[in-house]
Amino acid sequence: MKKIVAGTLAVLALTASVFAAPKKGQVRYLNFKPEVASVYQELAAAYEKETGVKVIVETAANNSYESTLMSKMATKQAPTLFQINGPVGYGNWKNYCAELSGTELYKHLSDKSLAVTVGGKVYGIPYVVEGYGIIYNSKITDAYFALPNKATKYKSMDEVKNFAALKEVADDMQKNAEALGIKGVFASTSLKAGEDWR
């Protein structure tokens, strides 16, 4: 249990602060994801019970992580562990990031190319990777590719492998919207607050 909880808690954070030296037996963690706050509280309690190290989990409100982190870094309650959101975030927080290549956590990273590195040094260890993609309606795209008057050379979505190709197909689909029985090429599953990132 000790190894599982300790390992899980360590994976929660992307980087450690060099300036937020924790009090003896205390760690502050600023959580990026409100939807899993209760899980982090459970992990913190289990970790404290097992090790005696108090873990204070604070959760930033939806869409306010950067501003919360900025505010916290200016106080004596700066987080020991926090997220930098990849290489772009590292640029904002590099003065607060510890070098992590010698840590046990880094040793366990199976794909070290995912780490945030600068000059051969590791400043961030991923605990989650988000993938991006396009969901398309194959019935509509198949109908498009079957059009006799389409202006593109592509014969299926399997051939659309970069942004330029996607733009060319999307623009031509829009020109053929009436023939395809659609109003527009793009749609969103939801634009509700908290879901508009999709």
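None of these values were measured; they are calculated from a predicted model.

Caption draft 1: Structural detail: the pattern of salt bridges. Inspection of the entire model under this criterion finds 4 salt bridges. Close ionic contact of arginine 28 with glutamate 58 constitutes a salt bridge, the shortest N to O distance being 3.5 Å. A residue pair is termed long-range when its members are at least 10 positions apart, and arginine 28 in strand β2 (residues 26-31) and glutamate 58 in strand β3 (residues 54-59) qualify at 30 residues. Glutamate 104 is the partner of lysine 107 in a salt bridge, and the nearest nitrogen-oxygen pair spans 3.2 Å.

Caption draft 2: How the structure looks around unusual backbone geometry. Positive phi is not limited to glycine here, since asparagine 63 has a value of about 60 degrees. Tracing the chain through its elements places asparagine 63 in the loop between β3 and α3 (65-73). A relative accessible area of 72% means that asparagine 63 is categorised as exposed. Residues other than glycine seldom take positive phi values, yet asparagine 85 does so here, at roughly 55 degrees. With respect to the element layout, asparagine 85 can be found in the loop between β4 (81-82) and α4 (86-93). A relative accessible area of 58% means that asparagine 85 is categorised as exposed.

Caption draft 3: Geometry of the side chain of threonine 141. Residue position: threonine 141 is located in helix α6 (residues 138-145). Looking at threonine 141, the relative accessible area reads 5%, which means it is buried. Looking at threonine 141, its side chain comes within polar contact range of the main-chain oxygen of serine 138, at 3.3 Å. Not counting residues within four places of it along the chain, the set of residues in contact with threonine 141 comprises Tyr136, Met157 and Met173.

Caption draft 4: Representation of the packing of α6 against helix α7 (residues 163-175) in the model. Running from N to C, α6 and α7 point in directions that differ by 85 degrees, and their axes come no closer than 11 Å. Here α6 lies roughly perpendicular to α7, going by the angle between them. On the side of α6, the interface is formed by Ile140, Thr141, Tyr144 and Phe145, while α7 contributes Val169, Asp172 and Met173. Looking at the contact of α6 with α7, its residues break down into 5 nonpolar, 1 polar and 1 charged.

Conventions and cut-offs
- Residues numbered from 1 in each chain as written.
- Predicted model: local features only at pLDDT ≥ 70, side-chain atom pairs only at ≥ 80, totals over all residues.
- Heavy atoms only, no water.
- Salt bridge = Lys/Arg side-chain N within 4 Å of Asp/Glu carboxyl O.
- Helix = DSSP H or I, 4+ residues; strand = E, 2+ residues; numbered from the N terminus.
- Buried < 20%, exposed > 50% of the residue type's maximum accessible area, 1.4 Å probe, protein only.
- Polar contact = N/O pair within 3.5 Å; in protein donor to acceptor, adjacent residues only side chain to side chain.
- Contact = heavy atoms within 4.5 Å.
- Axes fitted to C-alpha atoms, helices over the stretch in contact; angles between N-to-C directions.
- Parallel < 35°, antiparallel > 145°, perpendicular 65-115°, else oblique.
- Nonpolar A, V, L, I, M, F, W, Y, C, P; charged D, E, K, R; others polar.

Note that all results are geometric; they support no functional claim without further evidence.
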